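# An overview of the molecular structure
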Amino acid sequence: MKYTKQERLAIGKRVYDGEINRYQAAAEYDISEQTARNYMRLYRFDSGLPAKSPGTRIQREESSPNSVIEEPGLEEYEAMTKEELIQELVRSKIREARLKKGYEVKGDGPEKVFIPLSSKNTK
């Protein structure tokens with residue numbers, strides 16, 4: 001085991017209290033999302049706390065906590081032409097595919113920078 005029981009309980013407490021979600025805990029502590037969930041359940045069971053209701057769950061973020069992707073709002077979409085909407089849809093699909101593969105791209109052309117979302121080696 002990588003973490004002691006006290007450390008696992010501390011991680012589980014942070015997840016249970018909503019300080020971080022299990023995906024953020026996984027990235028921060030270099031564990032899987034399932035392990036972070038198990039640590040939260042261990043904390044809950046050890047403390048005799050009830051399960052959280054479905055409405056209090058924290059939803060998974062699509063990108064890393066440090067990256068901010070600005071997308072147009074509803075008003076901007078309404079003002080776009082059909083061609084611009086198609087172009088935006090294509091950009092969105094590309095961005096989604098890159099995030100699934102674990103990286104982001106900032107800039108265009110020669111200034112393009114590839115940003116990995118985790119510290120794991122991709123090669």
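Further remarks concern the confidence of the model for the protein chain. Where the model shows low pLDDT, its predicted coordinates should not be examined in detail. Averaged over all residues, the pLDDT of the protein chain equals 79, while 79% of them reach at least 70. Counting contacts from residues 58-67, a segment whose pLDDT is below 50, to residues more than four positions away or on other chains yields 13 contacts.

Note: strand 1 (residues 103-106) against strand 2 (residues 113-116), four bridges, orientation antiparallel. Residue pairing in the sheet places Val105 in a bridge with Phe114 of strand 2.

It is worth spelling out the packing of aromatic side chains at this point. Here the distance between the centres and the angle between the planes together describe a pair of aromatic rings. Under the counting rule described, the total for this entry stands at two aromatic pairs. Ring geometry for Tyr3 and Tyr29: centres 6.1 Å apart, planes at 85 degrees, overall edge-to-face. On the criterion of sequence distance, the pair formed by Tyr3 in the segment before helix 1 (5-16) and Tyr29 in helix 2 (residues 22-29) is long-range, its members being 26 residues apart. Comparing Tyr3 with Tyr29, the two get one shared label, buried.

Following the sequence through the fold, Arg14 ends up in helix 1. For Arg14, a relative accessible area of 19% corresponds to the buried category. Within the local environment of Arg14, its side chain forms a polar contact with the side chain of Glu19, the two groups lying 2.8 Å apart. Within the local environment of Arg14, its side chain forms a polar contact with the side chain of Glu28, the two groups lying 2.8 Å apart. Each residue touching Arg14, except ones within four places of it in the same chain, is listed here: Glu19, Ile20, Glu28 and Tyr29.

Each value, and the rule that gives it
- Residues numbered from 1 in each chain as written.
- Predicted model: local features only at pLDDT ≥ 70, side-chain atom pairs only at ≥ 80, totals over all residues.
- Heavy atoms only, no water.
- pLDDT = per-residue confidence, 0-100.
- Contact = heavy atoms within 4.5 Å.
- Pairing = 2+ DSSP bridges.
- Helix = DSSP H or I, 4+ residues; strand = E, 2+ residues; numbered from the N terminus.
- Phe/Tyr/Trp six-rings, centres within 6.5 Å; stacked < 30°, edge-to-face > 60°.
- Buried < 20%, exposed > 50% of the residue type's maximum accessible area, 1.4 Å probe, protein only.
- Polar contact = N/O pair within 3.5 Å; in protein donor to acceptor, adjacent residues only side chain to side chain.

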